[in-house]
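# Fold and contact review
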Amino acid sequence: MATALRHPTAVTAGADVRLRPVGLDGARITGGFWHARQAANRDVSIPDGLRRLHESGVLENFRVVATGEGEARGPVFADSDVYKWLEAAAWEYARQPDEQLLADQLDVTRIVAAAQQPDGYLDTVVQLRRGRRYGDPAHDHELYCAGHLFQAAVAQHRGTGRTELLDVAVRLADHLVREFGPDGRPYVEGHPVVEMGLVELYRETGERSYLDLAARFVDERGHGLLHEQDSQLDLTYFSDRLPVRQTTSPEGHAVRAVYLAAGAADVAAEAGDEELVDALAVQFEGMARAKQYVTGGLGARWEGEAFGDPYELPPDRAYAETCAAIGAAQWAWRMLLATGEARYADQIERLLLDAMLPGVSLRGDEFFYVNTLHLRADASADTERSAANGRRPWFDVACCPPNVMRTVASVAAYAATESADGLQLHQYLTGDLRGGGVAVHVETGYPFDGRIDVTVNEARDGARLTLRIPAWADGATLDGREVEAGGYATVDRRLRSGDRVELRLPMAVRLTRADERVDAVRGSVAIERGPLVYALEQVDQADGVVLDDLRLPERPRIEEVPGPGLVEGDVALRFAAIQIGHGAEPDREVSATAVPYFEWANRGVGPMRVWIPRA
Ligand code: FUB
Ligand code: ZN
């Protein structure tokens with residue numbers, strides 16, 4: 001019998017969750033939209049990524065430690081690029097085994113392992129540059145790198161069956177338990193993620209001290225421990241101003257905040273800590289209500305890569321780091337497992353399609369670190385990350401590209417869960433999904449087409465099939481029966497092998513207004529269709545159309561037209577807009593075309609906007 005391919009968040013049998021992930025062998029994408037994205041990831045992003053690990057020197061750092069010859073290159077968290085790539089390679093191998101991909105990851109693993117100290121310590125930049133372990137908890141990234149190593153090691157073990165990286169991870173985790181566990185000292189590091197890594201390593205090895213250490217790291221935050229290092233530090237930036245349980249809205253550096261919340265949700269699930277889940281639900285709501293862009297993007301401030309104040313969401317200055325979208329999807333997934341609430345699956349959909357996916361070119365060769373919602377004509381490409389540069393093949397700070405790679409390679413992980421009741425479908429994609437005594441095949445042209453056809457291949461007696469009805473899907477039907485948007489609908493008949501189930505999600509175009517308190521877009525609308533946010537891109541407009549002068553009429557007639565064909569089946573939206581005149585120039589009517597936001601900047605980079613002022 002084939003070994004079950006365990007999910008990236010393989011909650012234990014004793015975990016307190018409403019829904020359980022299905023193994024990755026129970027969630028396979030076989031065609032359609034995500035299949036094409038995974039092909040680009042496999043054929044272009046992952047092999048390019050390996051070259052970049054070599055060229056940027058981050059892999060060389062491990063060799064330098066082992067040989068003692070050379071200097072560290074890259075930022076303090078350089079090791080994490082290598083670990084995220086390893087994680088991507090492992091999930092990709094699991095999806096489609098390939099000897100070269102295995103050989104490459106084992107090569108990289110050997111290079112990593114050779115740099116580990118006899119007592120388990122590993123962080124090449126500290127080893128090479130400072131020589132003082134845990135000497136600068138706010139700024140060094142020893143635990144951050146460890147967390148990514150743990151996630152990669154678990155992925156390698158689950159995805160390839162190999163234990164080489166897991167051995168490295170266990171030695172490092174044991175070292176961390178000695179340093180910071182019950183007999184060690186309290187410690188808060190500036191950048192969370194070790195919490196998620198430790199919990200997953202616990203799930204893989206059964207070693208309880210890893211879970212306990214993760215719980216300790218969660219509870220030690222927010223008590224000003226970092227001020228013992230330097231009383232001038234801005235604790236907000238480091239998610240250390242308030243304990244997680246008292247945080248009602250994420251603040252500070254966006255990636256740090258959402259990784260911490262995701263790790264806390266893991267701890268809560270394994271420890272059966274309902275109070276912590278409730279606190280995280282309040283925090284998530286605080287984010288969704290007032291600190292999230294319509295695209296799902298997170299982080300309104302370039303300064304500190306941070307969340308802004310509530311309703312501070314300027315589209316043209318959006319930071320919306322690609323990593324923040326990925327971290328928030330990880331958090332939402334853990335909240336979905338804990339609560340079974342559809343709003344978290346709705347969030348995952350938006351975060352993946354409208355916030356993470358714009359972070360990578362459709363060819364898979366270039367990346368956005370910052371995801372603006374508005375690029376003006378004549379915008380200056382003042383920094384490497386400016387949207388005016390278009391996507392870049394890599395960055396000096398290269399956290400986002402390999403983060404996208406690992407997420408795309410394992411994206412099927414978000415599709416379904418199981419429970420004693422049966423199988424639940426949360427994300428719509430073409431593929432085979434199995435769990436809870438039900439096996440189905442789904443065919444769909446989603447996210448462009450709302451027809452989702454499900455064929456039941458197997459069904460245990462009494463097992464049920466439940467499908468998410470997105471909050472935007474008013475008028476959705478399941479087998480012809482109208483079902484309520486914003487929740488789940490269950491097929492109300494006994495399932496038999498060969499049954500067909502038809503879910504129809506209306507893809508009516510929606511004009512979305514922001515909360516009135518978002519001054520920057522008051523009086524504007526964003527165009528959405530199904531799960532996708534749309535954007536006006538200069539390349540689609542006739543000569544003379546100026547995006548920043550366009551106004552949307554009171555009752556626009558929006559027509560669906562074929563998209564630019566960047567992705568199979570894409571749909572564009574066309575409507576008459578008013579172009580306002582300046583000075584003596586009269587206003588005039590022009591035709592405007594919008595395309596899915598994730599497609600923007602794939603035909604060169606030019607003016608683009610998501611929010612359109614009303615006439
Ligand atoms: O500090 C590590 C990573 O670098 C963060 O998560 C990103 O925001 C970037 O600053
Ligand atoms: Zn990033």
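Residues numbered from 1 in each chain as written. Chains lettered and ligands numbered in written order. Predicted model: local features only at pLDDT ≥ 70, side-chain atom pairs only at ≥ 80, totals over all residues. Heavy atoms only, no water.

### Some words on the coordination of the zinc ion (ligand 2)
Put simply, the rule is: Here a donor is an N, O or S atom found within 2.8 Å of the metal, or within 3.2 Å if the metal is Na, K or Ca; sites may look incomplete because water is not among the atoms. Just to be clear on the cut-offs, tetrahedral is four donors with all angles between 85 and 135 degrees, square planar is four donors and octahedral six with opposite donors over 155 degrees apart and all others between 65 and 115, and anything else goes down as irregular. Starting at the N terminus, helices and strands are each numbered in turn, a helix being any DSSP run of H or I of at least four residues and a strand any DSSP run of E of at least two.
Taken together, Glu321 (OE), Cys323 (SG), Cys399 (SG) and Cys400 (SG) make up the full set of protein donors to the zinc ion (ligand 2), lying 2.0 to 2.3 Å away. Given four donor atoms and angles of 96 to 117° at the metal, the environment of the zinc ion (ligand 2) is assigned as tetrahedral. In the primary sequence, the donor residues of the zinc ion (ligand 2) line up as E-x1-C-x75-C-C. Of this pair, Cys323 sits in helix H12 (residues 322-339) while Cys400 sits in helix H14 (residues 400-409); the two residues are 77 residues apart in sequence, bridging distant segments of the chain.

### A closer look at the pairing of strand E6 (residues 430-435)
Keep this limit in mind: By definition, two strands form a pair when at least two bridges between them are found by DSSP.
Two elements, strand E2 (residues 27-31) and E6, share four bridges in a ladder whose sense is antiparallel. Bridge pairing links Ala27 to Leu433 in E6. Across five bridges, E6 lies against strand E7 (residues 438-444) in antiparallel orientation. Within E7, the position partnered with Asp432 by the bridge is His441. Hairpin remark: E6 followed by E7, antiparallel, with two residues in the connecting loop; positive phi at Gly436, about 60°.

### Side note on the side chain of Gln292
The condition that has to hold: Side-chain atoms alone can form a polar contact between residues adjacent in sequence; in general such a contact is a pair of N or O atoms within 3.5 Å, and within protein one must be able to donate a hydrogen while the other accepts it. The contact definition used throughout considers only heavy atoms, calling two residues in contact when any of these lie within 4.5 Å.
Residue placement: Gln292 occurs in the loop between helix H11 (274-290) and H12. A distance of 3.1 Å separates the side chain of Gln292 from the backbone oxygen of Gly296, its partner in a polar contact. In this structure, Gln292 is in contact with Met287, Gly297, Leu298, Leu313, Gln347 and Leu351, ignoring residues within four places of it in sequence.

### Quick look at the site of ligand 1
The condition is simple: One heavy atom within 4 Å of a molecule or strand is enough for the residue carrying it to be called near that molecule or strand. Values of accessible area rely on a 1.4 Å probe in the Shrake-Rupley scheme; residue burial ignores everything except the protein chains shown. Each residue is assigned to one class: nonpolar for Ala, Val, Leu, Ile, Met, Phe, Trp, Tyr, Cys and Pro, charged for Asp, Glu, Lys and Arg, and polar for all the others, Gly among them.
Neighbouring ligand 1 are the residues Phe77, His141, Tyr144, His191, His253, Val255, Arg256, Glu305, Glu321, Tyr369, Val397 and Cys399. In this structure, an oxygen atom belonging to ligand 1 sits 2.7 Å away from a side-chain N or O atom of His191. Within the side chain of Glu321, one N or O atom sits 2.7 Å away from an oxygen atom of ligand 1. For ligand 1, whose accessible area on its own is 270 Å², the fraction buried by protein is 95%. Residue composition of the shell around ligand 1, grouped by class: six nonpolar, three polar and three charged.

### Section: the domain arrangement of the protein
When the parts of a complex come together, some accessible area is lost, and that lost area is often used as the size of the interface. Filter applied, for reference: A domain assignment, automatic or from a database, supplies the domain bounds used here. Here the quantity called buried area is the total loss of accessible area, with a 1.4 Å probe, experienced by two parts when brought into contact, counted for both. A carboxyl oxygen of Asp or Glu within 4 Å of a side-chain nitrogen of Lys or Arg is what we treat as a salt bridge.
One can read the domain layout of the protein as domain 1 (29-414), domain 2 (416-446 + 451-504) and domain 3 (511-613). Summarising the inter-unit geometry, the C-alpha centres of domain 1 and domain 3 are found 33 Å apart. With 29 residues of domain 1 at the contact, the number on the domain 3 side is 27 residues. Where domain 1 abuts domain 3, roughly 2400 Å² becomes buried across the two surfaces, and 64% of that area is made up of carbon and sulfur atoms. Across the domain 1-domain 3 interface, the total number found is one salt bridge. In this structure, Glu528 engages Arg350 in a salt bridge whose closest nitrogen and oxygen atoms are separated by 2.9 Å. There are 10 residue pairs in polar contact (both at pLDDT 80 or more) connecting domain 1 and domain 3. Elements represented by at least two residues in the side of domain 1 that touches domain 3 include exactly helix H1 (32-55), helix H13 (342-356) and strand E3 (374-375).

### A few points about helix H6 (residues 142-160)
To be explicit about the condition: Residue count minus one, scaled by 1.5 Å, sets the expected span of a helix. Remark: exposure states derive from per-residue accessible area (1.4 Å probe, protein chains only) relative to the maximum for the residue type, with buried under 20%, exposed over 50%, and partly exposed in between.
Look at H6: 26 Å from first C-alpha to last across 19 residues, which is about the 27 Å you get at 1.5 Å a residue. Counting buried positions along H6 gives 18 out of 19 residues, so the element sits mostly inside the fold. Two residues or fewer after H6 comes Gly161, characterised by a positive phi angle close to 80°.

### Topic: the pattern of salt bridges
Counted by the stated rule, this structure contains 52 salt bridges. Put simply, Glu92 and Arg95 hold a salt bridge, and the shortest N to O gap is 2.9 Å. In this pair, Glu92 and Arg95 are both assigned in helix H3 (residues 78-95), three residues apart and thus about one turn of the helix distant. Close ionic contact of Arg494 with Asp461 constitutes a salt bridge, the shortest N to O distance being 2.9 Å. Remark: Asp461 occurs in the loop between strand E8 (451-459) and strand E9 (464-469) and Arg494 occurs in the loop between strand E12 (487-490) and strand E13 (500-504); sequence separation between them is 33 residues. Of the two residues, Arg494 and Asp461, both sit in the exposed class. Each of Arg6, Arg158, Glu200, Arg203, Glu204, Asp266, Glu270 and Arg334 takes part in salt bridges that share partners, so that together they form one network.

### Considerations on the nonpolar core
To be explicit about the condition: Here the nonpolar core consists of buried residues drawn from Ala, Val, Leu, Ile, Met, Phe, Trp, Tyr and Cys, with membership extended through side-chain atoms lying within 4.5 Å.
Phe150 and Leu425 are the most contacted members of the largest nonpolar core, which has 182 residues in total. Leaving out residues up to four positions away in the same chain, Phe150 has contacts with Ala169, Leu172, Ala173, Leu176, Val194, Gly197, Leu198 and Leu201. In this structure, Leu373, Val521, Ala601 and Val610 belong to the second largest nonpolar core, which totals 22 residues.

### Thoughts on unusual backbone geometry
Geometrically, the link from Tyr446 to Pro447 is a cis peptide bond, its omega value of 10° lying close to zero. Counting through the fold element by element, Pro447 comes out in the loop between E7 and E8. One non-glycine residue, Tyr134, lies in positive phi territory at about 50°. Locating Tyr134 in the fold gives a position in the loop between helix H5 (124-130) and H6. By relative accessible area, Tyr134 is classed as buried at 6%.

### Some points on the packing of aromatic side chains
Quick note on the threshold: Centre distance within 6.5 Å is the pairing criterion for rings of Phe, Tyr and Trp, where only the six-membered ring of Trp is used; planes under 30 degrees apart are then read as stacked, over 60 as edge-to-face, and the remainder as tilted. When the NZ atom of lysine or the CZ atom of arginine is within 6 Å of a ring's centre and also within 35 degrees of its normal, the charge is said to sit over that ring.
Taken as a whole and judged by the stated rule, the model has 20 aromatic pairs. Taking 5.5 Å as the distance between ring centres and 85° as the angle between the ring planes, the aromatic pair formed by Phe33 and Trp34 counts as edge-to-face. Like Phe33, the residue Trp34 is buried in the burial classification. A ring pair is formed by Phe62 and Tyr83, whose centres lie 6.0 Å apart and whose planes are at 65°; its orientation type is edge-to-face. Here Phe62 is found in helix H2 (residues 60-67), whereas its partner Tyr83 is found in helix H3, with 21 residues between them in sequence. Comparing Phe62 with Tyr83, the two get one shared label, buried. Among the aromatic residues, those joined into a cluster by ring pairs are Tyr121, Tyr134, Phe180, Tyr187 and Phe217. Residue placement shows Arg385 over the ring face of Tyr369; its charged tip is 4.0 Å from the ring centre.

### Points about the sheet that holds E2
Worth spelling out the cut-off: Simply put, an axis is a line fit to the C-alpha atoms, just over the touching stretch for a helix, and the angle between two N-to-C directions goes from 0 to 180 degrees.
The strand order across the open sheet formed by seven strands is E2-E6-E7-E8-E13-E10-E11, and the pairing between neighbours is antiparallel. What marks the edges here is a single partner per strand, and that holds for E2 and strand E11 (481-482). With seven bridges joining them, E7 and E8 adopt antiparallel strand pairing. The residue of E8 that forms the bridge with Thr444 is Ile452. Contacts from H1 reach E2 and E6, with the element oriented near 90° to E2.

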